[in-house]
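Residue strings, one per chain:
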2 protein chains.
Amino acid sequence: MTGKGGPSRPEAARRAAVRPLPVAVDTMGGDHAPGEIVAGAVEAVRAHGVRLVLVGQAPGIRRELERHGFVGRIPIVHADEALDMDEGALASWRKPRSSVAIACHLVRQGRASALVSAGSTAGVVATSRLRLKGQQGVLRPAIAVTLPTRPRPTILLDAGATVDVKPEGLVQFAALGTAYARILLEVERPRVGLLTIGVEPGKGDKVAKRAHELLAGGHHGVEFAGNVEGHDLLAGEVEVIVTDGFTGNVALKTMEGTIRTAFTEIRAAMGASPAARMGALLQRRRLQELRDRLDPDSYGGGVLLGLNGTVVIAHGGSHARAITSACELAHRLAAGHIVERIREQVAATRTSRFGRWTHGERDTGETPALADPPPDGGAAEEPSPGAADGEAPSEQRRPGE
Amino acid sequence: MTGKGGPSRPEAARRAAVRPLPVAVDTMGGDHAPGEIVAGAVEAVRAHGVRLVLVGQAPGIRRELERHGFVGRIPIVHADEALDMDEGALASWRKPRSSVAIACHLVRQGRASALVSAGSTAGVVATSRLRLKGQQGVLRPAIAVTLPTRPRPTILLDAGATVDVKPEGLVQFAALGTAYARILLEVERPRVGLLTIGVEPGKGDKVAKRAHELLAGGHHGVEFAGNVEGHDLLAGEVEVIVTDGFTGNVALKTMEGTIRTAFTEIRAAMGASPAARMGALLQRRRLQELRDRLDPDSYGGGVLLGLNGTVVIAHGGSHARAITSACELAHRLAAGHIVERIREQVAATRTSRFGRWTHGERDTGETPALADPPPDGGAAEEPSPGAADGEAPSEQRRPGE
């Protein structure tokens, strides 16, 4: 097992506070690995001064670094295996020496501040959960993504890490999102909206209704702004939108798919007549800028919050530019002490009315937290293997229940 | 109570088969009632030969009919009260003589084949459930909406009638959607996709995973095409997309909001420079056509499926044209015997492996169906009143559960 023998987490955190640790970059994940990954990493070092360590097959990385005249300027940690792009939660067990697992190991040992990967989301989430473990007090982790609103992006979480969530889990997501927004958006009291199906408090399914009650009633250090609807995802009226990983994933992909369809249709409409084609020529630059801003490939990717370390998951299709942004983001979150900020934020919710279910609990990635009984093993978007899963199917098979 | 003393439902159905019954139009629902409602109804009669009966305050309706020179050509049934646009499920109890309740009464009595309302969705759903009752064998009703795909629209259900749903409920929604698609899209074997967060069978929350198993394993007369994701809502690769009312409502509104934002941004981009403005002039017509096609106000509205009668819910903001379409749709569904088709389709799922939980059960709108324990009183997007609701909050208030 990785992580044994390294300094304990508090020690590592103290060290990190002294001097900036490098960000570990998984060079083996993503459709364009390792070429684009290394290119993006080089740019992050060259243009933005981010300290990095590259994890992956050393000869390949060295070859890529040579192309950029950068050999010896970024340290390399060798890893033999890569997670496949279609690999899910099982990978975390099957490949203990994958580049993602090694990168997690570096974070746990206090040799890296954060990790960046463009590998399969399910595989990265499962591996990170297993290797980094959940933070003290955090029931379940969440993936935070940014939506392309103006003047600043809106943070949506969870985008798919935890699909079956309790109302108390949603309250914690509000705390994670608040800590994240403070660093990313530099807003002191980010407003948090709860994604549901009507603005009135009583609208939603059972989980959302109860989460509304908890958020509206408690003093969690969370600036709760009430319910928001699907319409409001791009309205930019709150800084953070909280939902379960199932709804969040569907909503995010719906938004991305709709933007793609709208632009495809617009392009078709613009080529439909000579006058329209002429019009399109005159507008090309403006529309390209707009498209770039709204394109998931440019704003995409997510951050896995709630573990003992920062994990930035870039899009699988990431090119160099996206990797550079991901490295910068990881560096910024580590410098902002996101893990500590989340600890404080979650502690604030813990000292509130529902203290009893969070004391001492945390997500180990192996056994489900006590307060969150569905034993799904903590996999993102993936059926979980292992003994902990044994009961779920039979439970689900009582149709009249 | 309404509905007493009328002919029994089988009798009414037999009668309906003999000659087309009129569609009951609620003239008091919607932001532009009664003017635009009556105007749309007149057009449906004049241009499309749909038989109608107008329900609402008779003097007002007569005044509107006069403006169109149509007095005496559409029968009027008087109703005193209207549901307010912000009225929810409580309205169904509070206003037993509302125009929607009277329209339901006409359907129950076999004096109308279907009803059309642009009133508050929650109010119309709750009133219809109470007055028309659930069809034999249908656990919970669903709102089916159409998404603007090409060459033909895609049907999405549930868009918000039933927010907490069991896997078996999703299987029934697949049956409802199949029956609806056969009539609306004239496709013999419509393909049904299950909305979740990955195409592999094991992706999704517990409900979606189990629903996938049931749909993939059973012989329900449903052409199951596997999972679809948020990306696929506008892809047009299946005819029917099935999900719970919470996710469906969020996804639909996300799509609508994204389309609106995209067009707003495009308009801004087009006015941003003289060249772009010139381009916009040259394209105006094409983009307007596209906008019309994608605008929720033109394709919007939904059909409430699973009750003893067809209920078409038009957008609250409907103008005459939308009301005309809604009247035509209601007529077409009634002529296609949608209620009988649903009965057959649901019977096909009932004779399959999970027969035991549907025999004799149906949604009464008052007490929850046995197989669907959460006693939410059956309200759409609304907290439900009444005794049946008494247990839910205390159940939800055990945070450590």
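These figures come from a predicted structure and were not determined experimentally. (Residues numbered from 1 in each chain as written. Chains lettered and ligands numbered in written order. Predicted model: local features only at pLDDT ≥ 70, side-chain atom pairs only at ≥ 80, totals over all residues. Heavy atoms only, no water.)

Enquirer: Just give me the short version of the overall build of chain A, but keep the residues and values in it.
Expert: Scanning chain A for helices and strands turns up 14 helices and 11 strands. A sequence separation of at least 24 residues applies to 73% of the contacts in chain A between residues at least 6 apart. In the structure as shown, chain A presents an accessible area of about 15,000 Å², 50% of it carried by carbon and sulfur atoms. (Helix = DSSP H or I, 4+ residues; strand = E, 2+ residues; numbered from the N terminus. Contact = heavy atoms within 4.5 Å. Areas by Shrake-Rupley, 256 points an atom, 1.4 Å probe, with all protein chains shown as cover.)

Enquirer: Describe the pattern of salt bridges, listing the residues and the values that go with them.
Expert: Taken as a whole, this structure holds 22 salt bridges over all chains when the rule is applied. One salt bridge in this structure joins glutamate 186 of chain B and arginine 332 of chain B, with 3.9 Å as the shortest N-O distance. You can see glutamate 186 of chain B sitting in the loop between helix H7 (167–184) and strand S7 (191–195) and its partner arginine 332 of chain B sitting in helix H12 (residues 320–335), a full 146 residues away along the chain. Residue class for glutamate 186 of chain B comes out exposed when judged on its relative accessible area of 65%. Here the salt bridges do not stand alone but share partners, grouping Arg152, Arg191 and Glu239 of chain A into one network. (Salt bridge = Lys/Arg side-chain N within 4 Å of Asp/Glu carboxyl O. Buried < 20%, exposed > 50% of the residue type's maximum accessible area, 1.4 Å probe, protein only.)

Enquirer: Tell me about the environment of proline 141 of chain A, and name the residues and values.
Expert: All names here are of chain A. The topology assignment puts proline 141 in the loop between helix H6 (121–132) and strand S5 (142–147). Among the residues examined, proline 141 registers a relative accessible area of 1% and is labelled buried. Note: C-alpha distance between proline 141 and glycine 169 (28 residues apart in sequence) is 9.1 Å.

Enquirer: Which residues make up the packing of H7 of chain B against H12 of chain B, and what values do they have?
Expert: Residue and element names in this part refer to chain B. Contact geometry for H7 and H12: axes closest at 10 Å, N-to-C directions at 110°. When the interaxial angle is binned, H7 and H12 end up roughly perpendicular. Of the residues in H12, those touching H7 at Tyr180, Ile183 and Leu184 are Leu329, Arg332 and Leu333. In terms of residue class, the contact of H7 with H12 is made up of 5 nonpolar, no polar and 1 charged. (Axes fitted to C-alpha atoms, helices over the stretch in contact; angles between N-to-C directions. Parallel < 35°, antiparallel > 145°, perpendicular 65-115°, else oblique. Nonpolar A, V, L, I, M, F, W, Y, C, P; charged D, E, K, R; others polar.)

Enquirer: Can you lay out the sheet that holds strand S8 (residues 223–228) of chain B for me, pointing to particular residues and giving the numbers?
Expert: All names here are of chain B. With mixed pairing, 11 strands are arranged side by side in an open sheet as S3-S2-S1-S4-S11-S10-S5-S6-S9-S7-S8. In the strand order of this sheet, the two ends are held by strand S3 (76–78) and S8, each with one partner. Neighbour to neighbour, the strand axes of the sheet diverge by 25° on average, direction disregarded. Relative to strand S10 (residues 302–305), strand S5 (residues 142–147) runs antiparallel, the two sharing 4 bridges. In the sheet register, isoleucine 143 faces S10, and the bridge partner there is leucine 304. Across the sheet, helix H3 (residues 58–67) is in contact with strand S2 (52–56) and S3; its angle to S3 comes to roughly 155°. (Pairing = 2+ DSSP bridges.)

Enquirer: Which residues make up the packing of aromatic side chains, and what values do they have?
Expert: Applying the stated criterion across every chain, the model contains 0 aromatic pairs over all chains. Here arginine 73 of chain A stacks its cationic end above the ring of phenylalanine 70 of chain A, 4.1 Å away from the centre of that ring. (Phe/Tyr/Trp six-rings, centres within 6.5 Å; stacked < 30°, edge-to-face > 60°. Lys NZ or Arg CZ within 6 Å of the ring centre and 35° of its normal.)

Enquirer: Residue-level account of unusual backbone geometry, with values.
Expert: Across the junction of alanine 33 of chain B and proline 34 of chain B, the peptide omega takes the value -5°, indicating a cis bond. Turning to its location among the elements, proline 34 of chain B is positioned in the loop between strand S1 (23–26) and helix H2 (35–48). That bond from arginine 150 of chain B to proline 151 of chain B is cis: its omega, 0°, falls within 30 degrees of zero. Residue position: proline 151 of chain B is located in the loop between S5 and strand S6 (154–157). A positive phi angle is found at lysine 133 of chain A, which is not glycine, with a value near 65°. Along the chain, the position of lysine 133 of chain A falls in the loop between H6 and S5. Its relative accessible area of 16% is what places lysine 133 of chain A among the buried residues.

Enquirer: How would you explain the packing of helix H5 (residues 99–108) of chain A against H6 of chain A if you had to name every residue and give the values?
Expert: All names here are of chain A. Running from N to C, H5 and H6 point in directions that differ by 35°, and their axes come no closer than 9 Å. For the pair H5 and H6, the crossing hand works out as right-handed. Here Val100, Ala101, Cys104, Val107 and Arg108 of H5 come into contact with H6, specifically with Val124, Thr127, Ser128, Arg131 and Leu132. In the contact of H5 with H6, the residues fall into 6 nonpolar, 2 polar and 2 charged. (Left-handed = near helix turned anticlockwise from the far one by under 90°.)

Enquirer: Describe the sheet that holds strand S8 (residues 223–228) of chain A, and please don't skip the residues or the numbers.
Expert: All names here are of chain A. Reading across from one edge, S3-S2-S1-S4-S11-S10-S5-S6-S9-S7-S8 is the order of the 11 strands in this open sheet, with mixed pairing throughout. Strands with a single pairing partner mark the edges of an open sheet, and in this sheet they are strand S3 (76–78) and S8. Averaged over all pairs of adjacent strands, the angle between strand axes in this sheet comes to 25°, irrespective of strand direction. As paired strands, strand S6 (residues 154–157) and strand S9 (residues 240–242) are joined by 3 bridges and run parallel to one another. Its bridge partner lying in S9, isoleucine 155 is registered against valine 240. This element, helix H3 (residues 58–67), spans strand S2 (52–56) and S3 of the sheet and lies at about 155° to S3.

Enquirer: I'd love a proper account of the side chain of serine 117 of chain A, names of residues and values included.
Expert: Residues and elements named next belong to chain A. Relative to the assigned elements, serine 117 resides in strand S4 (residues 114–117). By relative accessible area, serine 117 is classed as buried at 0%. If sequence neighbours within four positions are ignored, serine 117 has contacts with Asp26, Val100, Val124, Val312, Ile313 and Ala314.

Enquirer: Kindly report on the environment of alanine 144 of chain A, identifying the contributing residues and their values.
Expert: Its location among the elements puts alanine 144 of chain A in strand S5. Residues alanine 144 of chain A and valine 303 of chain A lie 159 residues apart in sequence; the distance between their C-alpha atoms is 5.2 Å.

Enquirer: Please provide a residue-by-residue account of the pairing of strand S10 (residues 302–305) of chain A, values included.
Expert: Residues and elements named next belong to chain A. Burial of the side chains of S10 extends over both faces: Gly302 and Leu304 are buried on one face and Val303 and Leu305 on the other. Examined bridge by bridge, S10 and strand S11 (residues 310–313) share 3 bridges and lie antiparallel to one another. Residue pairing across strands places glycine 302 opposite isoleucine 313, the latter belonging to S11. What sits between the antiparallel neighbours S10 and S11 is a turn of 4 residues, in which glycine 306 has the positive phi angle 110°.

Enquirer: Describe the environment of leucine 130 of chain A, with residues and values.
Expert: For leucine 130 of chain A, the location among the structural elements is in helix H6. Along the chain, leucine 130 of chain A and serine 92 of chain A lie 38 residues apart, while their C-alpha atoms are 6.9 Å from each other.

Enquirer: Describe the confidence of the model for chain A, naming the residues involved and giving the relevant values.
Expert: Residues and elements named next belong to chain A. This prediction gives chain A a mean pLDDT of 81; 78% of its residues lie at or above 70. Within chain A, the lowest mean pLDDT, 34, falls on helix H14 (residues 392–396), and the highest, 98, falls on S9. Low pLDDT, under 50, characterises residues 1–7; the stretch is placed with 10 contacts to residues that sit more than four places away or in other chains. Here residues 352–401 is modelled with pLDDT under 50, and outside its nearest four sequence neighbours on either side it reaches 119 contacts, counting other chains as well. (pLDDT = per-residue confidence, 0-100.)

Enquirer: Go over helix H5 (residues 99–108) of chain B with me, naming the residues and quoting the values.
Expert: All names here are of chain B. In terms of burial, H5 is a largely internal element, 10 of the 10 residues being buried. Buried within H5 are the following residues: Ser99, Val100, Ala101, Ile102, Ala103, Cys104, His105, Leu106, Val107 and Arg108. Downstream of H5 by one or two residues, glycine 110 has phi in the positive range, about 80°.

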